[in-house]
Amino acid sequence: MALIVQKYGGSSVANVERIKNVARRVVQTKRKGHRLVVVVSAFANTTDDLLEIAKAVSDHPKEREMDMLLATGEQASVAILAMAIHQLGEKAISFTGPQVEILTDRSHTKARILDINTSKIESALREGQVVIVAGFQGKTVTEDITTLGRGGSDLTAVALAKALRANRCEIYTDVDGIYTADPRIVPNARKLNHISHDEILELASLGAQVMQSRSVEVAKKFNIPIHVRSSLNHSQGTLIVKETPKMEDVVVGGVALNQDEAKITIFAVPDRPGRAAKIFKQLAENDINIDMIIQNKSETQTTDISFTVYKRELARALPAVQKAADLVGARSVSCDENIAKVSIVGVGMRSHAGVAATVFEALAKKRINIEMISTSEIKISCVVRRNKGKAATRAIHQAFHLEKRKKRTPKRSR
């Protein structure tokens, strides 16, 4: 009898019929003799709707109050799912994150999990209950409700799998698994049977909307295999594991597009030691996450520093950047939201030459200009104009032959 953690995203509980579908899947698994902990996101679009309401009443809502508001979405979905399971004749009990004592730090809207008290969950499991836990949320030591950031239900599921020593962790969504690119952008993208923790961690951090990057960090750290699959059918999905078959033979595993970043440039920074340190220390003190960084030195003893940040953090980032610019005596600051970042990821890139050249040639053929470049052992990212992002993704995907493999038609015997 296995202990299984299942997570169902918002699209899997988007309406009454889908909620009933999830309930049936859960009950089927339970009746096979397994113990089940089910993590549920808010109903589809609920979080966005709540955000819109908050913005309608406040230009800059306090993050503590945003957590109080957004956590209500999951509280509704866990209760409704428990009711649907009861209707099918099985025992189930719903809990919020704070009720099962998911303890976090005080970083409202993007809190980090510090500890999980599993006693309440384990007690309910011993009673034969299906335990349903609200994803995306926890509490501080002072009992304030916190949320774990976009996609935080993934983190809840993986963290619970680790804390409970679950036999497996299953992430259910409305797609069949993880693809070489977003099928909505690249229709002939291919579903992957396996992908490594390293590769999916890069893809998630680069904008691929498959799993929250922090959840993959936990899975990698504790070597937790994850099965990403569809809640709408029973087909095999994608296994996320430490190492994949033929890991070094596959040069590029996937292409990701991120259109949710902005480029900030600080012009004419005095070219003296310590100036960059002062700038980025100021940003760190304001809890601003920085992605790509480029420094362009001129002949006037000054330098321009460009970097990217998430658009959702711009309201906090720009005042901090202006303060930093004034502090170091820079000339001015500009912000460009009209950018996109396209990236390739593949563990096999470590041992294959010419990968960067292939990327640049693919973009050049489509007359797409590159504004920023960032590389690591297993990824290459390029910033381009926002209106060129999808074309860049398709061009690179084609250049590395990542499309679905055509089925061979058997030859007829004469």
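Residues numbered from 1 in each chain as written. Predicted model: local features only at pLDDT ≥ 70, side-chain atom pairs only at ≥ 80, totals over all residues. Heavy atoms only, no water.

Enquirer: Go over the environment of Gln301 with me, naming the residues and quoting the values.
Expert: With respect to the helices, strands and loops of the structure, Gln301 is situated in the loop between strand E15 (293-297) and strand E16 (302-310). When its relative accessible area of 57% is taken as the criterion, Gln301 is described as exposed. (Helix = DSSP H or I, 4+ residues; strand = E, 2+ residues; numbered from the N terminus. Buried < 20%, exposed > 50% of the residue type's maximum accessible area, 1.4 Å probe, protein only.)

Enquirer: Could you give an account of the packing of helix H5 (residues 152-164) against helix H7 (residues 213-221), naming the residues involved and the relevant values?
Expert: Put simply, H5 and H7 touch, their axes get as near as 7 Å, and they point 15 degrees apart. Between H5 and H7, the crossing angle belongs to the class labelled roughly parallel. When you trace H5 past H7, the crossing you get is left-handed. Along the contact surface, H5 presents Asp154, Leu155 and Val158, while H7 presents Arg214, Ser215, Val218 and Ala219. A breakdown of the residues in the contact of H5 with H7 according to their chemical character gives 4 nonpolar, 1 polar and 2 charged. (Axes fitted to C-alpha atoms, helices over the stretch in contact; angles between N-to-C directions. Parallel < 35°, antiparallel > 145°, perpendicular 65-115°, else oblique. Left-handed = near helix turned anticlockwise from the far one by under 90°. Contact = heavy atoms within 4.5 Å. Nonpolar A, V, L, I, M, F, W, Y, C, P; charged D, E, K, R; others polar.)

Enquirer: Describe in detail helix H9 (residues 314-328), supporting the description with residues and values.
Expert: Given a rise of 1.5 Å per residue, 15 residues ought to cover 21 Å, and the 21 Å separating the end C-alpha atoms of H9 matches this to within 8%. Within H9 the residues assigned to the buried category are Leu314, Ala317, Ala320, Val321, Ala324, Ala325 and Val328. Along the long axis of H9, the arc covered by the buried residues comes to 140 degrees, so they all point the same way. Away from its buried face, by an angle of more than 90 degrees, H9 presents the exposed residues Ala315, Pro319, Lys323, Asp326 and Leu327. Where the residues of H9 are buried, they touch strand E14 (261-270), helix H8 (275-285), E16 and strand E17 (332-336). Downstream of H9 by one or two residues, Gly329 has phi in the positive range, about 80 degrees. (Expected span 1.5 Å × (residues − 1). Arc of directions from axis to C-beta.)

Enquirer: Requested: an account of the packing of aromatic side chains, with residues and values cited.
Expert: A full pass over the atoms with the stated rule returns 2 aromatic pairs. Centroid distance Tyr8 to Tyr172: 4.7 Å. Interplanar angle 10 degrees. Geometry classified as stacked. One end of the pair, Tyr8, is in strand E1 (residues 3-8); the other, Tyr172, is in strand E9 (residues 168-173), and 164 residues separate them in sequence. Here the two residues Tyr8 and Tyr172 agree in accessibility, since each one is buried. Just above the ring of Phe222 sits the side chain of Lys162; from NZ or CZ to the centre is 4.5 Å. Over the aromatic face of Tyr310 sits the side chain of Arg312, whose NZ or CZ is 4.4 Å from the ring centroid. (Phe/Tyr/Trp six-rings, centres within 6.5 Å; stacked < 30°, edge-to-face > 60°. Lys NZ or Arg CZ within 6 Å of the ring centre and 35° of its normal.)

Enquirer: Lay out the sheet that holds E14 with the relevant residues and their values.
Expert: Read across the open sheet, the 4 strands follow the order E15-E16-E14-E17; overall the sheet is antiparallel. Each end of this open sheet is capped by a strand with a single partner; those strands are E15 and E17. Each strand of the sheet is rotated relative to its neighbour by a mean of 15 degrees, with strand direction disregarded. Inspection of the sheet shows E15 paired to E16 by 5 bridges, in the antiparallel sense. Paired with Ile294 across the bridge in E16 is Ser306. Where H8 meets the sheet, its contacts fall on E14, E15 and E16, and the angle it forms with E16 comes to roughly 20 degrees. Each of E14, E16 and E17 is contacted by H9, which is oriented at about 10 degrees to E14, the strand it contacts most. (Pairing = 2+ DSSP bridges.)

Enquirer: Please provide a residue-by-residue account of the sheet that holds strand E20 (residues 379-385), values included.
Expert: The strand order across the open sheet built from 4 strands is E13-E18-E20-E19, with neighbouring strands paired in antiparallel fashion. The sheet is open, and its two borders are formed by strand E13 (254-258) and strand E19 (372-375), each paired with just one other strand. The sheet shows a mean angle of 15 degrees between the axes of neighbouring strands, taken without regard to direction. Here 5 bridges tie E13 to strand E18 (residues 339-345), and the two strands are oriented antiparallel to one another. Across the sheet, Val255 pairs through a bridge with Ile344, a residue of E18.

Enquirer: Just give me the short version of the pattern of salt bridges, but keep the residues and values in it.
Expert: Inspection of every chain in the model, using the stated rule, returns 20 salt bridges. A salt bridge links Glu17 to Arg24; the shortest N-O distance between them is 3.3 Å. Since its relative accessible area comes to 36%, Arg24 is described here as partly exposed. Linking Glu313 and Arg316 is a salt bridge whose minimum nitrogen-to-oxygen distance equals 3.6 Å. One network of salt bridges, with partners in common, ties together Glu63, Lys110, Asp287, Glu313 and Arg316. (Salt bridge = Lys/Arg side-chain N within 4 Å of Asp/Glu carboxyl O.)

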